[in-house]
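# Chains, contacts and geometry: an overview
These are the residues of each chain, in order.
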Amino acid sequence: MVWWKRGRLALRSVSNRRSLCGATTMSTTDRLPKRKVALMIGFNGTGYQGMQYNPAIRSIEQTLFEALCKAGAVSIDNSSDPKKVQLVRAARTDKGVHAVGNLVSLKMVIEDGPAIVDKINSHLPDQIRLWGFTRVTGGFHAKKACDAREYEYWLPSFCLMPQPAFFQDLLSKKRRSESDIYLREADVYVGNSLPEQLAARHAFRISPQTLDIFKKIMELYKGTHNFHNYTIGKNPMDPSAKRHMIKIEVDEAPRYCHGIEWLCVRLRGQSFMLHQIRKMIAMGILATRSDTPRSVIHRSFEPGIKINIPKAPALGLLLEQPLFNSYNQSIAQRPDRQPIHFEYFRDEMQVFKEKRIIAQIFDTEFHDNTCEISPVLPSVLKNAQIHLVRLSQPYPSMSRSLAEKNESSVEELIHAAAALTHIEKPYEDSRLALRKLKVFRQPHDTALAEAQAKLEMWRKEKIALESWTLQWFLHWCICEVRKELSRCDVGIEKANALVEEARVAVNECDEQIREAERQIEKNTIDHRMLTKYRCELTDLLDEIFEGKEDEFPTLQPTKDQLRSAEANVERIKADEKTLKVVAELLKTADLSLLEAVVELNQRNEKKSLKPGEVYFPENAYNALKEARELYPDLPGIPPPVTYEKTADDTGAYYSPMQKYLWDVRRGLADLMKWCDAEALAIMDREAVALVTLGSKLDTWNMERRQIVKQVILTS
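Computed from a predicted structure; not experimentally measured.

Helix and strand counts for the protein come out as 16 helices and 15 strands. Classification of the 715 residues of the protein by burial places 49% in the buried group. A separation of at least 24 residues holds for 78% of the contacts in the protein among residues at least 6 apart in sequence.

Below, the structure is given as structure tokens:
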């Protein structure tokens, strides 16, 4: 058991009040100290909508949090929201996915020491187990501290069997039953497998040659690649599409259960995207079954290649464990902290894995044929110009049985995502207000930097006057040193006042920004949750239709509007990105000019310059030139005028050359104000465009849902 030495125990009374989770916990006045810990858990994901906490659905984290509250590990004051105890998971899992080992970090009460493990387990169902816990550092974050995740995927070997001999018997020009699947490319119907055909698949045993092909295909995923085709809604140019696979192995020795041969694929990667592993497995199966060249895997990583890869069933996927090697090394010299290792619980984890996870996977497949892959036909992908195959199960295109099977899920997601229309605009408005506050702060930052530069200039001037030089002696002789020192003191005093005034303005802006961030936090949580429902709905309908929306002309206008809205958002984001670069270039030029003003000595105004020439920093010139090339509509700076040697508001005198550079800086300040106004206008357009895009996507999903209900289900 991994735990640490108990600290001092103080006598505290416990009230009988009940938390929102039904726990008997300490009162507000009798709080017990919380400690940052890492909980090591395992679970069978059947019946749960995934790992992540969501009040609207049944999740692993929700059940775990309720058990923590009931066991007294979470106080009544914190029982309303897991965020109050900083609950974070190391790896999220999808609906129905299992985990032999996963880790959750949080702050909890551990006055009972190791006994709290049994107390928490007593409030958990048998399919969720807490293996143990360990004290971690205060800044530990389960997701960020995780170096890698290890997964296993179990699949029947018949998934890799070549096209069976009885395939032709399943084909027919006429529809023989409602469950038959129509393949438009071949203009034939494909029927379901008969009992004797299922028996033939269960009796299939993979050959060493086929297993070797599958292993070599899976090994091609190792390394860093662009996995944009292996998830949903990921832009190929998004840096987060690149993921690093550390190790991928296929076990040499199959396992057998109910007469079915099973293979295990082990995957270790730094991180995985949504559906990534299931799509990797499906792609490996397709490439093996169809004798597709292995180059198809490399082509799928190319940003310009778009391939609609189906998902393998979630049934065979399980999380083996997350790894924390870097964290363990960082606390190696700390005797008060233990490393995070699941090996302490390996024996009981292995028993749980075999009885609660692997056995259920085998039994479910035997009774439900979840992993059965129906006969496939080659399909040419136009962009990649490579031959692949398309799975006709578990999501056959336009199948009545599939639509009926998923109708309830579609309806649930439709109603869940409907609430997004009520909070999307308030969310975008509050997000816009926060961004505007950050823009309004920028002039105050500039004013602060300028005031600090003036203060530094005055200090350098005073140091120069206090230095014993011939120039100082001459000034002293004519009684000007004291006068100059007095002027410097006045300048320093005024510059200090400007610095303080600018700093107060910056602090006020910071406070407004923090308040806006607190206001937006609630909307952000709701928006993220409901957006997830919208994405799941879109993904489900995409799989039901499988790109066949063109068969329904009524969908075309909405599809065109959706694509137009997406393009509009992309254009606005591109304009915003360009304007940010221009604003940074203007700041670079302004800083260069400011440094030049400070460095120029007003007594050296007669430099070796030809008539009509002025001193202008090269960095500032190059930055302004690049900004103009990026944004041709950028307003110009007024031409210089004749200057006289005059004092500013701090009493500082500037040479004509310095006055010229100050005037250019004022022109740059106007340009930066113009950029700020342009940025605010772009933000307004982006907020409207994002709301419009969400509305168009909802309309698109609603119309497809109507087709599922009215056309497919009544055919």
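Following the structure, the description resumes.
Moving on, we get to the environment of Leu103. Tracing the sequence through the fold places Leu103 in strand S3 (residues 98-109). Here the alpha-carbon distance between Leu103 and Leu323, two residues 220 residues apart in the chain, equals 9.5 Å.

Time to look at the side chain of Glu320. Topologically, Glu320 is positioned in strand S13 (residues 317-323). A polar contact of 3.3 Å, which involves the side chain of Glu320, links it to the side chain of Arg346. With residues near it in sequence (within four places) discarded, Glu320 still touches Val100, Gly101, Glu150, Tyr151, Glu152, Arg346, Met349 and Lys353.

Let's shift gears to the pairing of S3. Where burial is concerned, most of S3 is hidden: 11 out of the 12 residues are buried. Inspection of the sheet shows strand S1 (residues 34-43) paired to S3 by nine bridges, in the antiparallel sense. Bridging across to S3, Ala38 finds its partner in Ser105. Here two bridges tie strand S2 (residues 88-89) to S3, and the two strands are oriented antiparallel to one another.

At 3.6 residues per turn, the α-helix brings residues three or four places apart onto the same side. The end-to-end C-alpha separation of helix H6 (residues 276-289) is 20 Å, in line with the 20 Å expected for 14 residues at 1.5 Å each. In terms of residue burial, H6 counts as a mostly covered element, since 14 of its 14 residues are buried. Positive backbone phi, at 55 degrees, marks Asp291, one or two positions downstream of H6.

One can find Leu697 in helix H16 (residues 656-712). Sequence separation between Leu697 and Glu566 is 131 residues, and the spatial gap between their C-alpha atoms is 9.6 Å. Every residue in contact with Leu697, bar those within four places of it in the chain, is listed here: Arg534, Thr538 and Leu562.

The full count for this structure, using the stated rule, is 15 aromatic pairs. With a centroid separation of 5.9 Å and 75 degrees between ring planes, the pair formed by Tyr631 and Trp674 is classed as edge-to-face. Of the two residues, Tyr631 is situated in the loop between helix H15 (618-630) and H16 and Trp674 in helix H16; the sequence distance between them amounts to 43 residues. By relative accessible area, which is 26% here, Trp674 ends up partly exposed. Here the aromatic cluster, defined as three or more aromatic residues joined through ring pairs, consists of Tyr221, Phe227, Tyr230 and Phe301. A cation sits over an aromatic face here: Arg58 above Tyr48, 4.0 Å from the ring centre.

Before going further, it helps to examine helix H9 (residues 346-368). Look at H9: 31 Å from first C-alpha to last across 23 residues, which is about the 33 Å you get at 1.5 Å a residue. The largest bend along H9 reaches roughly 35 degrees and is located at Lys353.

As a further point, take the packing of helix H14 (residues 556-599) against H15. The N-to-C vectors of H14 and H15 enclose an angle of 160 degrees; their axes lie 8 Å apart at closest approach. In terms of their interaxial angle, H14 and H15 are classed as roughly antiparallel. For the element pair H14 and H15, the recorded crossing hand is left-handed. Two secondary-structure elements touch here, H14 through Thr578, Val581, Val582, Leu585, Leu586, Thr588, Ala589, Ser592 and Leu593 and H15 through Asn619, Ala620, Ala623, Leu624, Glu626, Ala627 and Leu630.

Within the largest apolar cluster, 103 residues are counted, with the highest numbers of intra-cluster contacts made by Leu103, Met108, Phe140 and Tyr221. When near neighbours in sequence (up to four residues on either side) are disregarded, Leu103 contacts Ala38, Leu39, Met40, Val88, Arg89, Ala90, Phe140, Ala142, Pro322, Phe324, Ile340 and Phe342. Ranked by size, the runner-up nonpolar core spans 52 residues in total, among them Val410, Ala453, Ile544 and Ala623.

Turning next to the confidence of the model for the protein. Averaged over every residue, the pLDDT of the protein is 78; residues scoring 70 or more account for 78%. Put simply, strand S14 (residues 377-381) is where the protein has its lowest mean pLDDT, 28, and strand S12 (residues 260-269) is where it has its highest, 96. Across residues 1-29, confidence stays below pLDDT 50; counting only partners more than four residues off in sequence or on other chains, it has 71 contacts. With pLDDT under 50 throughout, residues 373-398 is counted as low confidence; its partners more than four residues away or in other chains account for 81 contacts.

Here S1 lies mainly inside the structure; eight of its 10 residues are buried. Where S1 lies against strand S4 (residues 128-135), seven bridges are found, and the strand directions are antiparallel. Bridge pairing in S4 places Phe43 opposite Ile128.

Let us now look at the environment of Arg628. Relative to the helices and strands, Arg628 is located in helix H15. Among the residues examined, Arg628 registers a relative accessible area of 33% and is labelled partly exposed. Sequence separation between Arg628 and Val582 is 46 residues, and the spatial gap between their C-alpha atoms is 8.2 Å. When near neighbours in sequence (up to four residues on either side) are disregarded, Arg628 contacts Leu634, Pro635 and Gly636.

What follows deals with unusual backbone geometry. One non-glycine residue with positive phi stands out, namely Gln86, at about 60 degrees. With respect to the helices and strands, Gln86 occurs in the loop between helix H1 (60-70) and S2.

Turning next to the pattern of salt bridges. Between side chains of opposite charge, a pair can form as their charged atoms come close. Considering all chains together, one arrives at 26 salt bridges under this definition. Across the pair Lys234 and Asp238 runs a salt bridge, and its minimum N-O distance is 3.9 Å. Among the residues examined, Lys234 registers a relative accessible area of 24% and is labelled partly exposed. Taking the shortest distance from any N to any O, the salt bridge between Asp539 and Lys311 comes out at 3.6 Å.

Two quantities define a packed helix pair, namely the angle between the axes and the distance from one axis to the other. Where helix H5 (residues 208-219) contacts H6, the axes come no closer than 9 Å and their chain directions differ by 135 degrees. Of the possible angle classes, the one that applies to H5 and H6 is oblique. The handedness of the crossing between H5 and H6 comes out as right-handed. On H6, the residues that touch Thr210, Ile213, Phe214, Ile217 and Met218 of H5 are Met280, Ile281, Gly284, Ile285, Ala287 and Thr288. Here the residues of the contact of H5 with H6 sort into eight nonpolar, three polar and no charged.

Criteria and cut-off values
- Residues numbered from 1 in each chain as written.
- Predicted model: local features only at pLDDT ≥ 70, side-chain atom pairs only at ≥ 80, totals over all residues.
- Heavy atoms only, no water.
- Helix = DSSP H or I, 4+ residues; strand = E, 2+ residues; numbered from the N terminus.
- Buried < 20%, exposed > 50% of the residue type's maximum accessible area, 1.4 Å probe, protein only.
- Contact = heavy atoms within 4.5 Å.
- Polar contact = N/O pair within 3.5 Å; in protein donor to acceptor, adjacent residues only side chain to side chain.
- Pairing = 2+ DSSP bridges.
- Expected span 1.5 Å × (residues − 1).
- Phe/Tyr/Trp six-rings, centres within 6.5 Å; stacked < 30°, edge-to-face > 60°.
- Lys NZ or Arg CZ within 6 Å of the ring centre and 35° of its normal.
- Bend = angle between axes of the 7 residues up to and from the residue.
- Axes fitted to C-alpha atoms, helices over the stretch in contact; angles between N-to-C directions.
- Parallel < 35°, antiparallel > 145°, perpendicular 65-115°, else oblique.
- Left-handed = near helix turned anticlockwise from the far one by under 90°.
- Core = buried A, V, L, I, M, F, W, Y, C linked by side-chain atoms within 4.5 Å.
- pLDDT = per-residue confidence, 0-100.
- Salt bridge = Lys/Arg side-chain N within 4 Å of Asp/Glu carboxyl O.
- Nonpolar A, V, L, I, M, F, W, Y, C, P; charged D, E, K, R; others polar.

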